[in-house]
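Commentary on secondary and tertiary structure
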Amino acid sequence: MSNATASPSTAGTATRNYAIVTAAYWGFTLTDGALRMLVLLHFYRLGYSPFTLAFLFLLYEAAGVLANLIGGWLATRYGIQRMLTVGLLTQITGFTLLSLLNPAWTAALSVAWVVVAQGICGVAKDLTKTASKSAIKITADQAKNQGSGQLFKWVAWFTGSKNAMKGFGFFLGGLLLDALGFQHALWAMAGLLVLVLAGVVGFVPPLMGKSKASKSAKELFAKNAGINALAAARVALFGARDVWFVVGVPVFLYSQGWTFTMVGGFLALWTIGYGLVQALAPHIVKRSADGLSAEVPEARWWSLALALIPVGIAAAVLLDAPNLQWWVVGGLGLFGFAFAVNSSVHSYLILAYAGSEKAAEDVGFYYAANALGRFFGTLMSGLLYQWGGLLYALVGSALMLLVCWLLTLGLPTRLALNGSPSPTP
């Protein structure tokens, strides 16, 4: 791809494609957030234990590891539009299978059915995410005349607005569960995705992102130092969030007398606020003309600051502080702010490190690490909460964040002449 300044028409096309892909992912994320709340509340109401609730999401998270790796390769080989289409069709299939759940089935069969259907939805989520994030790298490269900071702005807005939409999805899931019931809510969401699918097929360029894909597994996994270090940090970062957020927070708040509506509403507001902070991240962190020399130190600083927050909340839990639920709520607010900045900077750095020719493969590799972190965090959230309550989950989060900070120390702060990250001098 040429490094020449893009023409106004090329930049306009890039902006249009960015807007279309973002809107499509909004629709997908709305239903994905609603799905999580539907499953969590429906099965908690049926009396399932914290570990079983976590188990329902394990295949969803595990499937994302492989889906990201394969999805990135497929998006490079066949184009982003085709992978968005496959992701949306896969999600519709998962919703349909979940809607066939029969209340007369045994608990074991019901859990197995939900785990498999959730696994299909996990594949759908990460195929769609990888294709969408890759589209941003491509469109930003086409819009270089809008300034060197355009990539960070577009990544931050995409990531932040996506998570805000996920928060609305949490609320939507609770609302649909009350208004329509489990089965009809899933049908309604599948119908929404059909409309999104029509938009993708009609408006996303068919060959967008199509390039020469890796020919071997060795080539696919041979990433540069920046991507490898960032992927490892991402495992720890998202494991640290989900180890207390997936099961610990909602179950703890419910044990404090909160209703399902209160818990779902709070998690929705938290996620929306988290998304807004992500969108504002380019205005919060220090920026540099080269895109790395200031941004990488910011990633390190925010990782360390984030690690201190669960330590403080754990101290309040250990000391059984008065009005403990509000200590947890306030701490979660601080955690959400710092985590949102961390996540947004990481999402920018992966695209800054990625090459344009195989951006989808690089992004897929990185988000496979993201999915691995979610899987590990989800598994440990059920186990640690069952072993030692919220305290154990918070300690686990703090330890993972310490590992995340240590890994960011290895992030390169400059690019080599060939565009690949070079070791920090």
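Everything that follows concerns the structure shown earlier in this document.
What comes next concerns the included structure. (Residues numbered from 1 in each chain as written. Predicted model: local features only at pLDDT ≥ 70, side-chain atom pairs only at ≥ 80, totals over all residues. Heavy atoms only, no water.)

Looking now at the overall build of the chain. From N to C terminus, the chain includes 14 helices and two strands. Among the 425 residues that make up the chain, the fraction classed as buried is 60%. Counted over contacts in the chain with a minimum sequence separation of 6, partners at least 24 positions apart contribute 86%. Accessible surface computed for the chain: about 16,400 Å², of which carbon and sulfur atoms make up 70%. (Helix = DSSP H or I, 4+ residues; strand = E, 2+ residues; numbered from the N terminus. Buried < 20%, exposed > 50% of the residue type's maximum accessible area, 1.4 Å probe, protein only. Contact = heavy atoms within 4.5 Å. Areas by Shrake-Rupley, 256 points an atom, 1.4 Å probe, with all protein chains shown as cover.)

Right, let's get into the environment of T378. Its location among the elements puts T378 in helix α14 (residues 359–408). By relative accessible area, which is 0% here, T378 ends up buried. C-alpha separation for the pair T378 and F55, spaced 323 residues apart in sequence, amounts to 7.9 Å. Each residue touching T378, except ones within four places of it in the same chain, is listed here: A54, F57, L58, E61, D242 and V246.

The next thing to look at is the side chain of D32. Looking at where D32 falls in the secondary structure, it is placed in helix α1 (residues 8–45). Look past the residues within four positions of D32 in its chain and what remains in contact with it is Y60, Q91 and K125.

Grouped together as the largest cluster of nonpolar side chains are 119 residues, with contacts concentrated most on F43, L56, W244 and L349. Here this core takes 16 residues from helix α13 (residues 324–353), the largest share from any one element. The contact partners of F43, leaving out residues within four places of it in the chain, are Y48, L53, L56, L101, V114 and F182. (Core = buried A, V, L, I, M, F, W, Y, C linked by side-chain atoms within 4.5 Å.)

Here the focus is the packing of helix α4 (residues 80–99) against helix α7 (residues 181–203). With their axes 9 Å apart at the nearest point, α4 and α7 run at an angle of 165° to one another. Taken together, the axis directions place α4 and α7 in an arrangement best described as roughly antiparallel. In this structure, the crossing between α4 and α7 has a hand that is left-handed. Contact residues: Q81, L84, T85, L88, L89, Q91, I92, F95, L98 and S99 in α4; F182, Q183, L186, W187, M189, A190, L193, V194, V196, L197, V200 and V201 in α7. When its residues are assigned to classes, the contact of α4 with α7 shows 17 nonpolar, five polar and no charged. (Axes fitted to C-alpha atoms, helices over the stretch in contact; angles between N-to-C directions. Parallel < 35°, antiparallel > 145°, perpendicular 65-115°, else oblique. Left-handed = near helix turned anticlockwise from the far one by under 90°. Nonpolar A, V, L, I, M, F, W, Y, C, P; charged D, E, K, R; others polar.)

What follows deals with α4. For α4, spanning 20 residues, the distance from its first C-alpha to its last is 29 Å, which sits close to the expected 28 Å at 1.5 Å a residue. Counted residue by residue, α4 has 14 buried out of 20 residues, so it is predominantly covered. (Expected span 1.5 Å × (residues − 1).)

So, about the packing of aromatic side chains. Enumeration over the complete set of coordinates arrives at 11 aromatic pairs. Centre to centre, the rings of W258 and F266 are 5.8 Å apart; their planes meet at 80°, and the pair counts as edge-to-face. The exposure class of F266 is buried, given its relative accessible area of 15%. Their ring planes at 10° and their centres at 5.3 Å tell us that W270 and Y274 sit as a pair that is stacked. Here Y274 and W270 lie together in helix α11 (residues 260–284), a separation of four residues that amounts to about one turn. (Phe/Tyr/Trp six-rings, centres within 6.5 Å; stacked < 30°, edge-to-face > 60°.)

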